[in-house]
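Here's the letter readout for the chains.
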Amino acid sequence: MHLARRTRRTALAAASAVAVAAAGIVAGAAPAGAAPDPLRYVALGDSYSAGSGILPPDPDAPLACLRTTLNYPHFVADRIGADLVDVTCGAAQTKHLTKAQYPGVAPQLKAVTEDADLVTLTIGGNDNSTFIGALLACGSAGALTAGRGNPCERTYGDRFTSQVEESTYPAVRQALADIKARAPHAEVAILGYPWILPAEKGCFAKLPVAAGDVPYLRDLQATLNGVIERAAEEAGATFVDLAERSEGRDACAPAGERWVEPLLFGTNVVPVHPNARGESAMADAALDALGY
């Protein structure tokens, strides 16, 4: 589907063109109708939105946010000719939409105003330290067993998935409701996270997770993407599903194919994050989901 706001603007522009043409006939001239204003696009979210670790850095971003000009919001804006307001920030949690993340860095929702046409975000992975906490815990456990068994799953069980279901899900749902309240006419799209690990066989040398814990972490990420999708449906937002697109593009894939860099021997300054290829692919997925 096309953005409702853009449709309205196109209709208004068409109506204006008709009126101008009619006036021109009366006056003996037919001036061309003015082009519609570009969409006002606001980008929110965490490091997967900010493209943390990818060069070059965004000169307009606070240094602590580690934002790049090669993140998916910039790709989206370039491809549709939108006016971009990018307040994405690495390490952001859902609470940082309404609270300052760092001194001098305003809550991200302040950028969302009633005239917004499009809002995108990727958020939730940092709540409860889901990604960092689980990766560090499982990496440490895997190192102790030299990559054998499933020490992380045996130690932590359903702790991480329970936190996602009980805490992250309502937080994301509330965040989307807050965005809708501030920009009731905007199209809102929330992206899922591209796969970090393959379904089964991992890559211990690049991402030191024990073989038996690879599906355990994969299930955790599937749970996170699942609650984000559920929250989007309930809030009337568009969910951008990256599961199928990013299959085989995880951190264990070859350097020329992967969308997410591994912990070791990667190319990004910030490991276990999308590279520029991944950010561009996330933009493609968002534009497809939004009907462009």
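Residues numbered from 1 in each chain as written. Predicted model: local features only at pLDDT ≥ 70, side-chain atom pairs only at ≥ 80, totals over all residues. Heavy atoms only, no water.

## Section: the environment of proline 170
Thinking step 1. Residue position: proline 170 is located in helix 6 (residues 159-182).
Thinking step 2. Residues proline 170 and isoleucine 228 lie 58 residues apart in sequence; the distance between their C-alpha atoms is 9.4 Å. (Helix = DSSP H or I, 4+ residues; strand = E, 2+ residues; numbered from the N terminus.)

## Overview of helix 4 (residues 130-144)
Thinking step 1. Taking 1.5 Å of rise per residue, the 15 residues of helix 4 would be expected to cover 21 Å, and the 21 Å separating its terminal C-alpha atoms lies within 8% of that figure.
Thinking step 2. All buried positions along helix 4 are accounted for by Thr130, Phe131, Ala134, Ala137, Cys138, Gly139, Ala141 and Gly142.
Thinking step 3. Buried-residue contacts for helix 4 involve helix 2 (47-50), helix 5 (151-156), helix 6 and helix 7 (214-235).
Thinking step 4. Looking one or two places after helix 4, you find alanine 146, whose phi comes out positive at around 55°. (Expected span 1.5 Å × (residues − 1). Buried < 20%, exposed > 50% of the residue type's maximum accessible area, 1.4 Å probe, protein only. Contact = heavy atoms within 4.5 Å.)

## Re the environment of serine 280
Thinking step 1. Here serine 280 shows up in helix 8 (residues 276-290).
Thinking step 2. Overall, serine 280 belongs to the buried group, its relative accessible area being 18%.
Thinking step 3. Here the alpha-carbon distance between serine 280 and valine 76, two residues 204 residues apart in the chain, equals 8.4 Å.
Thinking step 4. Other than its neighbours up to four places away in sequence, serine 280 contacts Phe75 and Arg79.

## As for the packing of aromatic side chains
Thinking step 1. Throughout the structure, instances matching the rule amount to four aromatic pairs.
Thinking step 2. Between the aromatic rings of tyrosine 48 and phenylalanine 131, the centroid separation amounts to 6.0 Å while the plane-to-plane angle is 50°, which identifies the pairing as tilted. Placement of tyrosine 48 in helix 2 and of phenylalanine 131 in helix 4 is noted, with a sequence separation of 83 residues between them. Both residues of the pair, tyrosine 48 and phenylalanine 131, belong to the buried class.
Thinking step 3. Ring centres of tyrosine 156 and phenylalanine 160 lie 5.3 Å apart, and the angle between their planes is 35°; this geometry places the pair in the tilted category.
Thinking step 4. Residue classification places phenylalanine 160 among the buried positions, given a relative accessible area of 7%.
Thinking step 5. By the ring-pair criterion, three or more aromatic residues cluster together here, those being Tyr48, Phe131 and Tyr193.
Thinking step 6. The aromatic ring of tryptophan 195 is capped on one face by arginine 218, whose charged end is 3.6 Å from the ring centroid. (Phe/Tyr/Trp six-rings, centres within 6.5 Å; stacked < 30°, edge-to-face > 60°. Lys NZ or Arg CZ within 6 Å of the ring centre and 35° of its normal.)

## Examining unusual backbone geometry
Thinking step 1. Looking along the chain, the bond that leaves leucine 55 and enters proline 56 is cis, with omega of 5°.
Thinking step 2. Mapped onto the elements of the fold, proline 56 is located in the loop between helix 2 and helix 3 (72-80).
Thinking step 3. One non-glycine residue, asparagine 128, adopts positive backbone phi at about 60°.
Thinking step 4. Tracing the backbone through its elements, the reader meets asparagine 128 in the loop between strand 3 (118-121) and helix 4.

## Comments concerning empty space enclosed by the protein
Thinking step 1. Here the structure, examined in full by the defined rule, presents one cavity of 30 Å³ or more.
Thinking step 2. Approximately 100 Å³ is the volume found for the largest cavity.
Thinking step 3. Looking at the largest cavity, the residues that line it are Thr130, Phe131, Ala134, Leu135, Ile196, Leu197, Leu217, Arg218, Leu220 and Gln221.
Thinking step 4. Of all the secondary structure elements, the ones that give two or more residues to the lining of the largest cavity are helix 4 and helix 7. (1 Å grid on protein atoms, 1.4 Å probe; cavity = no way out; pocket = protein on both sides within 12 Å on 5 of 7 lines; lining within 4 Å. Points joined across faces, edges and corners; volume = space filled by probe spheres on them.)

## Here's the deal with the pattern of salt bridges
Thinking step 1. Throughout the structure, instances matching the rule amount to nine salt bridges.
Thinking step 2. Here arginine 67 and aspartate 58 are joined by a salt bridge, their closest N and O atoms 3.2 Å apart.
Thinking step 3. Between glutamate 247 and arginine 218 there is a salt bridge, with its nearest N and O atoms 2.7 Å apart. Of this pair, glutamate 247 sits in the loop between strand 5 (238-240) and helix 8 while arginine 218 sits in helix 7, and the two are 29 residues apart along the sequence. (Salt bridge = Lys/Arg side-chain N within 4 Å of Asp/Glu carboxyl O.)

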